[in-house]
Amino acid sequence: MPVILFLIDTSASMNQRSHLGTTYLDIAKGAVETFLKLRSRDPASRGDRYMLVSFEEAPAGIKAGWKDSHATFMTELKNLLAVGLTTFGQSLRTAFDLLNLNRLVSGIDNYGQGRNPFFLEPAIIVAITDGSKLTSTSGVQDELHLPLTTPLPGSELTKEPFRWDQRLFSLVLRIPGHASLEPEPLGGVPPDASPVTPMCEVTGGRSYSVFSQRMLNQCLESLVQKIQSGVVINFEKTGPDPAEDGPVEVKCGPQPWHSCHKLIYVRPNPKTGVPVGHWPIPESFWPDQNSPTLPPRMAHPQVRFSCVDSEPMVVDKVPFDKYELEPSPLTQYILERKSPHTCWQVFVSNSAKYGDLGQPFGYLKASTALNCVNLFVMPYNYPVVLPLLDDLIRVHKFKPTVKWRQSFETYLKTMPPYFITPLRKALRMMGAPNLLAENMEYGLSYSVVSYLKKLSQQAKVEADRVCALVGKKPGPEGGSKLRSRGSAFSLAHRKDFAQLLQSITGDGPALPLESNPKEFSGFQLAVLNKALKPQGLRNPYDIPREHLLDQLSRMRRNLVNAGVCVLRGQDQDQLHSVPIAQMGNYQDFLKQCPAPLREADPDQPKRLHTFGNPFKLDKKAMMVDEADEFVTGTQGKGKRPGEPSSPAGGGAPKRRRCMSPLLRPGRAYTPPNKTPPRVPDNLSSVENHVGHLEADRTPDTEPSPGPESAASSPHLPKNHLDVDEEEQPQEPTRENGQSNEEEPSVGGEEDEQVAPRYPSPNQLKKMRKEEGQELNTELRVLITKEIRKPGRRYEKIFYLLKQIQGSLETRLIFLQNIIKEAARFKKRVLIEQLENFLEEIHLRANSMNHLDGF
């Protein structure tokens, strides 16, 4: 999901007009709208997030942030005014801090554990300014300086204020006030010479010097093409230049391809839309278990490449990552060599325990078609580990020898500890999950881990605070200051208010007023109409001519309605008058509302604030399923033709988890006093009393004892439901808990019979299966709730997993569904533990099958 942040210059110099007759601020607003139209042509723009920051002081300068809608963005864009100073540095730092609000909470930077290019949040800052002098309250500045101090927690972990997936592009408006008679130069748009240009180049972007509307449109089309998912890396040459074949002119000094500051494209997975990768880029330091802090990292990793030709290595079943380089002098030089079958190894300085250059973690290689250059990221020190893994697959058949294990352990000592997790995943994908011990250290000390957790909590609080302040502007004084009389009543509440009013107007004698009134500066009378300016009424000649009639009508209403304590500044119907354009602006209304109270039951689905329907539930939090406990409708869709139907008339649906006491084990059924009818005639009425019965009963079944004999018989077995199918031939006198011997009926009617008291073994088996499915459904709901909870306490999940009912296949399918659910919430540690649990179930099943074979 790309983030596009527009940084608009709102200094007073943006009021200057071009030869088109519009101000620079109007041109900037039009440029933003044109950019949105051009971007909307791309189907990938559906996931874009737009933000707006002006040159005002934070947080008032943040016009549209993380939680603001697109409508709010457009409204704030139209309402921008060009007032104030050119505080470019301070506003740019505000923009970077706004982009970095959630990075520590999500752990996307992965401090101290390698840089994962596939963990990114691509962002582009489009700054539109006039390129005038940088001014602030302290004076005029010749260079762009960003404030060093910031309230964002964790900013000290990175040396620069930006990150490697954030780039700055600047549109510097140089459109003259008078139309030029010279024709416009054709070709590309040159960079600007303003102090903003070096900052753009440092982040991997660039600046554009715009002299006309045509050049502005050209720049906007170029910017739309710059929205790519990727990260910026510094590539620097180490060692001598490559040996050239044949006589080639030798160039002395540094060449442009020796050092390049370019982007590598991180393509998202076409199925999921999320980038997928395996191996990180190493850190520029060796992790120390005893270090209490982490050294600050540079925003862009310094990757060194050696020009010594090497053979590219790829082993089957061993994963690797492939990233395409942005066109640059380095890619041009590699493609001109026309060597698609050789590669240059890449290093990160100080990444190894010993040695300055470190070990290779990948290589640069031209594509076979010689149309691009790719960066292959492999396991750390891949020339050593890949042959070992190849021998493990081809020679040892995943049964390593002692010598192989010694070589592998020697390699592990030279590998940075944070490569253990990706290496373990790669071995699991290969089919050798037990080569690495579970208790291996990850390389971060306890103090560093606790410090990062503390920073994450602080960043969450700061993010909530900033998001709450966005859009809440301190409004101007909308009321008239009045004098408070302390604890006394208002003058309008006095009984002699009419006489007092006559004394003020001079129509009656003067009345004494309270002396020494107390004045409160903070006491104001709110004016309902915000557009109405307070009037002192000291001099009637100060009232404008066009406001005379309105002012006179207000004064008349205030005098006529003297019995009301609050003075009316407008009509009653104007109280609820809202412009049509603002009627649907529900987001601004929510910002002004106080924070809602927490839910009494946190497990209840969160209610979605939807304009016009506040009772709509959030569908994402409900997780409704056919077998879930939220289902309340009739469950008769999947009935077989031979099964008994529900009572006539439809009635209320049968409740789940409410087994009839007549069907519980150990309970014998007592028939009613009157003689029951035949089973084939009224099968549904018998089902109401007994439950699940066989529908193929015939009238030839022998009658059962009457209620007296059934109630008083002490020889009935304890639990008739425990009879299995295999035990039936051993007890011919009993079938489903009913005697096969003829017994006289109480009513004397031998041609009638009563319903059997107990279900058959087949139905008993079916009932147990349904109970097991119902229990598994409840377990799935409980486990899903535990997965959604934050934290890494998974004991309850595995306790619930041990209670799964059913066959081995049923348990495996249930566990695979739980693993998919954990993958939705990116619970990596839980997924590893669940996969180990799945392997244990397989091992147990194999051992049981092996014992059964004997």
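What you see is a predicted model, and the numbers here were worked out from it, not measured in a lab.

Chemist: With reference to specific residues and values, describe the overall build of the chain.
Modeler: Assigned secondary structure in the chain consists of 21 helices and 19 strands. Counting over 854 residues, the chain shows a buried share of 38%. Here the contacts in the chain between residues at least 6 apart in sequence split such that 75% fall between residues at least 24 apart. When the accessible surface of the chain is totalled, it reaches about 51,600 Å², and 54% of it is carbon and sulfur.

Chemist: Kindly report on the sheet that holds strand β2 (residues 49-53), identifying the contributing residues and their values.
Modeler: By way of backbone hydrogen bonds, the strands of a sheet pair with one another, either parallel or antiparallel. The strand order β3-β2-β1-β4-β7-β8 describes an open sheet built from 6 strands, whose pairing is mixed. Strands with a single pairing partner mark the edges of an open sheet, and in this sheet they are β3 (62-64) and β8 (207-210). Strand-to-strand twist of the sheet, defined as the mean angle between neighbouring strand axes without regard to direction, takes the value 20°. In this sheet, strand β7 (residues 166-173) lies alongside strand β4 (residues 123-129) in parallel orientation, the contact comprising 7 bridges. From the neighbouring strand, Ile125 faces β7, where its bridge partner is Leu168.

Chemist: Help me get a handle on a nonpolar patch on the surface, residues and values and all.
Modeler: On the surface, Val578, Ile580 and Met583 cluster together into a nonpolar patch covering about 330 Å² of accessible area. With respect to the helices, strands and loops of the structure, Val578 is situated in the loop between α13 (548-560) and α14 (586-592).

Chemist: Outline the side chain of Asn776, listing residues and values.
Modeler: With respect to the helices and strands, the residue Asn776 is situated in helix α18 (residues 761-788). Asn776 has contacts with Ile804, Gln805, Thr810 and Phe814, leaving out every residue within four places of it along the chain.

Chemist: Requested: an account of unusual backbone geometry, with residues and values cited.
Modeler: In this model, Ala58 is joined to Pro59 through a cis peptide bond whose omega is 5°. With respect to the helices and strands, the residue Pro59 is situated in the loop between β2 and β3. The phi angle at Leu370 is positive, at roughly 55°, despite the residue not being glycine. Summarising the element assignment, Leu370 is placed in the loop between β14 (362-366) and β15 (373-377). The backbone of Lys826 sits at a positive phi, close to 55°, despite the residue not being glycine. Note on placement: Lys826 falls in the loop between α20 (808-824) and α21 (828-853).

Chemist: Just give me the short version of the confidence of the model for the chain, but keep the residues and values in it.
Modeler: Caution is warranted with low-pLDDT regions, since their predicted coordinates should not be read in detail. Taken over all residues, the pLDDT of the chain has a mean of 74, while the share at 70 or more is 70%. Predicted confidence for residues 621-756 stays below pLDDT 50, and this span has 145 contacts to residues more than four positions away or in other chains. In the predicted structure, residues 850-854 sits below a pLDDT of 50 and forms 0 contacts with residues beyond four places in sequence or in another chain.

Chemist: An account of the packing of helix α1 (residues 24-39) against helix α2 (residues 70-78) is requested, with residue identities and associated values reported.
Modeler: Remark: α1 packs on α2, axes separated minimally by 10 Å, with the N-to-C direction vectors making an angle of 155°. Relative to α2, the element α1 is oriented roughly antiparallel. Crossing hand, α1 versus α2: left-handed. Residue-level contacts link Lys29, Val32, Glu33 and Leu36 of α1 to His70, Phe73, Met74, Leu77 and Lys78 of α2. Tallied by class, the residues present in the contact of α1 with α2 amount to 5 nonpolar, 1 polar and 3 charged.

Chemist: For the pairing of strand β9 (residues 230-238), give the residues involved together with the corresponding values.
Modeler: Looking along a regular strand, one sees side chains alternate from face to face of the sheet. Within β9, 7 of the 9 residues are buried, which leaves it mostly tucked inside the rest of the structure. Taken together, the 7 bridges between β9 and strand β10 (residues 259-265) define a ladder with antiparallel strand orientation. Its bridge partner being in β10, Ile233 is matched across the sheet by Lys262. By the bridge criterion, 5 bridges tie β9 to strand β11 (residues 302-310) in an arrangement that is parallel. Paired with Lys237 across the two strands is Phe305, which belongs to β11.

Chemist: Describe in detail the nonpolar core, supporting the description with residues and values.
Modeler: Phe235, Phe305, Leu330, Leu364, Leu375, Phe408 and Leu423 are the most contacted members of the largest nonpolar core, which has 61 residues in total. Not counting residues up to four positions away in its chain, the partners in contact with Leu423 are Trp279, Phe408, Tyr411, Leu412, Met415 and Leu436.

Chemist: Describe the pairing of strand β12 (residues 321-325), naming the residues involved and giving the relevant values.
Modeler: The alternating pattern of β12 places Asp321, Tyr323 and Leu325 on a buried face and Lys322 and Glu324 on a face that is not buried. Inspection of the sheet shows β10 paired to β12 by 2 bridges, in the antiparallel sense. Considered in β12, the bridge of Tyr265 is made with Glu324. Relative to β15, β12 is paired through 4 bridges, and the arrangement is antiparallel. Bridging across to β15, Lys322 finds its partner in Phe376.

Chemist: Which residues make up the sheet that holds β9, and what values do they have?
Modeler: As summarised here, the arrangement of the 7 strands in space is β9-β10-β12-β15-β14-β13-β11, forming a closed barrel in which the pairing is mixed. Averaged over neighbouring strand pairs, the angle between their axes works out to 40° when direction is ignored. Seen against the sheet, helix α7 (residues 329-337) touches β9, β10, β11, β12, β13 (343-348), β14 and β15 and runs at an angle of roughly 65° to β14.

Chemist: Could you give an account of the packing of aromatic side chains, with specific residues and numbers?
Modeler: Summed over the entire model, instances satisfying the criterion amount to 20 aromatic pairs. Relative to Phe73, the ring of Phe6 lies with its centre 6.0 Å away and its plane at 45°, an arrangement referred to as tilted. On the criterion of sequence distance, the pair formed by Phe6 in strand β1 (residues 3-8) and Phe73 in helix α2 is long-range, its members being 67 residues apart. Since its relative accessible area comes to 1%, Phe6 is described here as buried. According to the relative accessible area criterion, Phe73 is buried, its value standing at 0%. Ring pairing ties together the aromatic residues Phe6, Phe35, Tyr50 and Phe73, which thus form one cluster. Sitting above the plane of the Trp164 ring, Arg115 keeps its charged end 5.9 Å from the centroid.

Chemist: Outline a positive patch on the surface, supporting the account with residue identities and numerical values.
Modeler: A cluster of basic residues, Lys425, Lys453, Arg792, Lys826 and Arg828, forms a positive patch on the protein surface. Position of Arg828 among the secondary structure elements: in helix α21.

Chemist: Explain the packing of helix α8 (residues 382-394) against helix α9 (residues 402-414) to me, and be specific about the residues and the numbers.
Modeler: At a closest axis distance of 10 Å, the pairing of α8 and α9 adopts a crossing angle of 150°. Relative to α9, the element α8 lies roughly antiparallel. The interaxial crossing formed by α8 with α9 has left-handed handedness. Between α8, through Val384, Val385, Leu388, Asp391 and Leu392, and α9, the contact on the second element is made entirely by Trp404, Ser407, Phe408 and Tyr411. Residue composition of the contact of α8 with α9, grouped by class: 7 nonpolar, 1 polar and 1 charged.

Chemist: A description of the environment of Phe55 should follow, citing residues and the corresponding values.
Modeler: When you line up the elements, Phe55 lands in the loop between β2 and β3. Of the residues examined, Phe55 reaches a relative accessible area of 6% and is grouped as buried. Taking the C-alpha atoms as reference, Phe55 lies 5.7 Å from Asp9; in sequence the two are 46 residues apart. Phe55 has contacts with Leu7, Ile8, Asp9, Thr10, Leu85, Thr86, Thr87, Phe88 and Ser91, leaving out every residue within four places of it along the chain.

Chemist: Describe α9, listing the residues and the values that go with them.
Modeler: Relative to the 18 Å expected for 13 residues at 1.5 Å per residue, α9 spans 19 Å between its end C-alpha atoms, a close match to the ideal helical length. Residues of α9 that are buried include every one of Trp404, Phe408, Tyr411 and Leu412, and no others. Angularly, the buried residues of α9 cover 100° about the axis, an arc narrow enough to put them on a single face. Residues Val402, Lys403, Thr410 and Lys413 are exposed on α9 and point more than 90 degrees away from its buried face. For α9, the elements touching its buried residues are α8 and α10 (420-430).

Each value, and the rule that gives it
- Residues numbered from 1 in each chain as written.
- Predicted model: local features only at pLDDT ≥ 70, side-chain atom pairs only at ≥ 80, totals over all residues.
- Heavy atoms only, no water.
- Helix = DSSP H or I, 4+ residues; strand = E, 2+ residues; numbered from the N terminus.
- Buried < 20%, exposed > 50% of the residue type's maximum accessible area, 1.4 Å probe, protein only.
- Contact = heavy atoms within 4.5 Å.
- Areas by Shrake-Rupley, 256 points an atom, 1.4 Å probe, with all protein chains shown as cover.
- Pairing = 2+ DSSP bridges.
- Axes fitted to C-alpha atoms, helices over the stretch in contact; angles between N-to-C directions.
- Patch = residues over 30% accessible without salt bridge, like charges linked within 9 Å, V, L, I, M, F, W, Y side chains within 5 Å.
- Salt bridge = Lys/Arg side-chain N within 4 Å of Asp/Glu carboxyl O.
- pLDDT = per-residue confidence, 0-100.
- Parallel < 35°, antiparallel > 145°, perpendicular 65-115°, else oblique.
- Left-handed = near helix turned anticlockwise from the far one by under 90°.
- Nonpolar A, V, L, I, M, F, W, Y, C, P; charged D, E, K, R; others polar.
- Core = buried A, V, L, I, M, F, W, Y, C linked by side-chain atoms within 4.5 Å.
- Phe/Tyr/Trp six-rings, centres within 6.5 Å; stacked < 30°, edge-to-face > 60°.
- Lys NZ or Arg CZ within 6 Å of the ring centre and 35° of its normal.
- Lys, Arg positive; Asp, Glu negative; His and termini not counted.
- Charge placed at Lys NZ, Arg CZ, Asp CG, Glu CD.
- Expected span 1.5 Å × (residues − 1).
- Arc of directions from axis to C-beta.

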